[in-house]
Amino acid sequence: MALEAYASRNPDTVHTDVLSEARQACYKARDAFYACLEKESNKAPTEIASVGLLYPSECKGSRAEFVKHCRASWVKHFDRQYCRNRRVQRLLDDKDSRRGV
Amino acid sequence: MATIISRNVNHLRYVNRCLSQFRRLPIRSPPLADTAPLRTLPILQSVVPLGFGIQSLAIYQRCLFGTSTASVNPENQAPNSSGEANSGNGKHSGGSHQSNESGKSVRGGPVSWLSFLLLIATGAGLIFYYDKQKKQHIEEITSASEAVKQGPSVGQAAIGGPFNLINHDGKHVTEKDLLGKWTLIYFGFTHCPDICPEELQKLVAAVDKIKEKAGIEIVPVFISVDPERDTVEQVGEYVKEFHPKLIGLTGTPDEIRSVARAYRVYYMKTAEEDSDYLVDHSIVMYLMGPDMKFVKFFGKNNDVDSLADGVIKEIKQYKK
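First things first, this report covers the structure right here in the doc. (Residues numbered from 1 in each chain as written. Chains lettered and ligands numbered in written order. Predicted model: local features only at pLDDT ≥ 70, side-chain atom pairs only at ≥ 80, totals over all residues. Heavy atoms only, no water.)

### Quick look at the overall build of chain A
- Across its full length, chain A holds four helices and two strands.
- When its helices and strands are written in sequence order, chain A yields α-α-β-β-α-α.
- Each of the 101 residues in chain A was classed as buried or not, and the buried ones make up 34%.
- Summarising the internal contacts of chain A: among those between residues at least 6 apart in sequence, 50% fall at separations of at least 24.
- In the structure as shown, chain A presents an accessible area of about 6700 Å², 54% of it carried by carbon and sulfur atoms. (Helix = DSSP H or I, 4+ residues; strand = E, 2+ residues; numbered from the N terminus. Buried < 20%, exposed > 50% of the residue type's maximum accessible area, 1.4 Å probe, protein only. Contact = heavy atoms within 4.5 Å. Areas by Shrake-Rupley, 256 points an atom, 1.4 Å probe, with all protein chains shown as cover.)

### Section: the interface of chain B and chain A
- With 29 residues of chain B at the interface, the matching set in chain A holds 25 residues.
- Buried surface at the junction of chain B and chain A, summed over both partners, amounts to about 2300 Å²; 54% is from carbon and sulfur atoms.
- On inspection of chain B and its partner chain A, the count reaches one salt bridge.
- For A:R71, the salt bridge goes to B:D276, with nearest N and O atoms at 3.2 Å.
- Scanning the region where chain B abuts chain A turns up seven residue pairs in polar contact (both at pLDDT 80 or more).
- Among the secondary structure elements, those contributing two or more residues to the side of chain B that touches chain A are strand 1 (164-167) and helix 10 (232-240) of chain B. (Buried area = accessible area lost by both parts, 1.4 Å probe. Salt bridge = Lys/Arg side-chain N within 4 Å of Asp/Glu carboxyl O. Polar contact = N/O pair within 3.5 Å; in protein donor to acceptor, adjacent residues only side chain to side chain.)

### Quick word on the packing of aromatic side chains
- Tallying each qualifying case throughout the model produces 14 aromatic pairs over all chains.
- Plain terms: the ring middles of B:F187 and B:Y263 are 5.6 Å apart, the flat faces sit at 50° to each other, and that makes the pair tilted. Taken together, the residues B:F187 in strand 3 (residues 182-188) and B:Y263 in the loop between helix 11 (253-262) and strand 6 (267-270) connect sequence positions 76 residues apart.
- Accessibility expressed as a relative area gives 1% for B:F187, which makes it buried.
- With relative accessibility at 0%, the residue B:Y263 sits in the buried group.
- Members of the aromatic cluster, each reached through a chain of ring pairs, are A:Y27, A:F33, A:Y34, A:F66, A:F78 and A:Y82.
- Across from the ring centre of A:F78, 4.5 Å away, lies the NZ or CZ of A:R30, which sits over that ring.
- We note B:R229 situated over the ring of B:Y277; from NZ or CZ to the ring centre the distance is 3.9 Å. (Phe/Tyr/Trp six-rings, centres within 6.5 Å; stacked < 30°, edge-to-face > 60°. Lys NZ or Arg CZ within 6 Å of the ring centre and 35° of its normal.)

In structure tokens, the structure reads:
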């Protein structure tokens, strides 16, 4: 009987922002923002994103888009992932430069 | 080589003593076997019970006692005195001691060539025998360890179990409803940013691929580990976008907890703001057989092709 009650609860609240369309929009905005970061990587990062990620003020626009299209927890998740990847990349690049013949 | 010979001489003397003891006093042999001589020679423990012919050793006895040297005699004294813990023994060793001395006076020479050759032969024989035993033992160990690695695992992994959940149409589904067909189960949640959609896409693509490659029907199943947000409607909308055949299951938090426990799936809410959180969970797909028994699991590292091939391989092996 508890199961039936659970099944009929909240028939209207379907979180559409996690369905396919919304996801695709989010991914696009996310990729745009990170591309901007890559492009402007030589500029000084002055703005704070989240979870310790900083970005230059040139990317403010794409950041706003990113935050608009994606859920907050997703934004944090993607930022964290980006930082992780950057760190790994830096390690790999450093190793190469040090190894130089 | 000289040390080996002298060691072998001692070995044989001890062996002869013990065997003669065995012959005279069969009942009391075990305690005798524990006295000083054999304690240092565990090798011979294995040799003696196997008994390579008490008669042949009797012949050796006579030959060896027939030829003795001054240097060997003191060594005889040593095992003699330790062996004399037994009264019934003293007589025989005294007798053989006598025959030693009588043998010495008869022959005169230190060691005859015949006894030397016999000694070498016995020594070599012992060495080869021991070596063979050791090699056999090592082979056994290596083959045993290899056998465990190569063969299929003993018994079955305790993954899987009964559950009572609701599918995305609102109907009750238990594990019995999934019997008779192969199923690929994935645990996730609808609010997953990127991993679950990716994995589910891989899952349904693999199911299609298996259908066209091998003609086998696999039922893809998605079980939510976020029952509080994943209602029936939510799950329904979610799975519809991936594949018409994809079954989405959800239920009460208790039911989900028991299913996750049965399938050994870890999941934990990352405590962020109240309604917007992510669920950390193990990323795994379970392949269950037609009897709903666990067959194989697939991790995140497989792509569509390796997933499809892995499943087909398991099905073919299972049928055998």
